Every structure is written in structure tokens, then in C-alpha cells.
Amino acid sequence: MTGRSLNNVELAEALTDRKWQHFAEKLEKSMRDYPLTGVSVVIRQMTTDEATNETEGYLLTFNQDLQKFEVAVDPSRSLPAAWQIADTIDHFLNLDEDTAESTLEGDQSDGQK
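Now for a description of the structure that goes with this document.

How each quantity is defined
Residues numbered from 1 in each chain as written. Predicted model: local features only at pLDDT ≥ 70, side-chain atom pairs only at ≥ 80, totals over all residues. Heavy atoms only, no water. Helix = DSSP H or I, 4+ residues; strand = E, 2+ residues; numbered from the N terminus. Buried < 20%, exposed > 50% of the residue type's maximum accessible area, 1.4 Å probe, protein only. Contact = heavy atoms within 4.5 Å. Pairing = 2+ DSSP bridges. Right-handed = clockwise from strand over helix to strand, strands pointing away. Axes fitted to C-alpha atoms, helices over the stretch in contact; angles between N-to-C directions. Expected span 1.5 Å × (residues − 1). Arc of directions from axis to C-beta. Polar contact = N/O pair within 3.5 Å; in protein donor to acceptor, adjacent residues only side chain to side chain.

For Leu6, the position within the fold is in the segment before β1 (8-11). For Leu6, a relative accessible area of 58% gives the class exposed. With near-sequence residues (within four places) excluded, Leu6 lies in contact with Thr37, Gly38 and Val39.

See below:
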């Protein structure tokens, strides 16, 4: 699925049910609310090991080599909010300016005490 935002949300081949397609559409739409352009996301089911260790119901990772985010979702739980995933991707890619400024100010003041 490619939208006007030039972001790409794909489903892993095993996810053919309409609920997954709807979730992918919601995620792509939610990503438009953030300054995200050219972001690729693949949605897949969690492995058994991931589902055992993950408490949020989803796992978001970034593959540096492929330049893609991967959202692993536990199919036995409710689907996560699409806006929450879009927000997490935005925070990862676009460091909050206030956070960056306070970090820089903290770094500069440490050596001047």
C-alpha cells in the first residue's frame, strides 16, 4: 500500500485476513499525521518466543540494512493503536527539539560546575 505521503506499509505474506489489511491502512493513515516521508513498515505476526517475552502486544524494530521498520503483532491480543506505532516511529526518526536542547544544555553545564 502506498499513499500520498510516500510511506509504505506492507503485510507479511501470511497475513491475509481483512483485519490485518484494515490495520495496515490505519497505520498508513496515522503516519500521515506525523512528519514522516519515505518510511517503510512491514507488519508480521510475533513468533512464539516474542509473544512470551513481550508485554505490550507488539514489538517495533528497525532493520538498519533494509531501512525498514518491522511491527510484530501478537495475533492472540487486541491490535495496538495505529497512532501509537506511528508516534513511536516519529520519536525514533525525529528527535524532539526540546529533548535535544535540554540534553545539550545538560552536557554544557556539566563541565562548568
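Two faces belong to every sheet, and in a regular strand the side chains alternate between them. Both β1 and strand β2 (residues 40-45) contribute to a ladder of four bridges, which runs parallel. Opposite Val9, over in β2, you have Val41 as the bridge partner. Considered for its hand, the β-α-β crossover made up of β1, helix α1 (residues 18-31) and β2 is left-handed.

So, on to the sheet that holds β1. Read across the sheet, four strands follow the order β1-β2-β4-β3 without closing on themselves; strand pairing throughout is mixed. A strand with exactly one partner marks an edge of an open sheet, and here the two such strands are β1 and β3 (58-63). Between one strand axis and the next, the sheet turns by 20 degrees as a mean value, whatever way the strands run. The sheet strands contacting helix α3 (residues 82-93) are β2, β3 and β4 (68-73), and the helix crosses β3 at an angle near 35 degrees.

Compared with the 20 Å implied by 1.5 Å per residue over 14 residues, the 20 Å span of α1 between its first and last C-alpha is a close match. Taken as a whole, α1 has its buried residues at Trp20, Phe23, Ala24, Leu27, Glu28, Ser30 and Met31. Down the axis of α1, the buried set is contained in an arc of 160 degrees. They therefore lie on one face. Where α1 is buried, its residues contact β1, β2, β4 and α3. In this structure Asp17 caps α1, since a side-chain oxygen of it lies 2.9 Å from the backbone nitrogen of Lys19.

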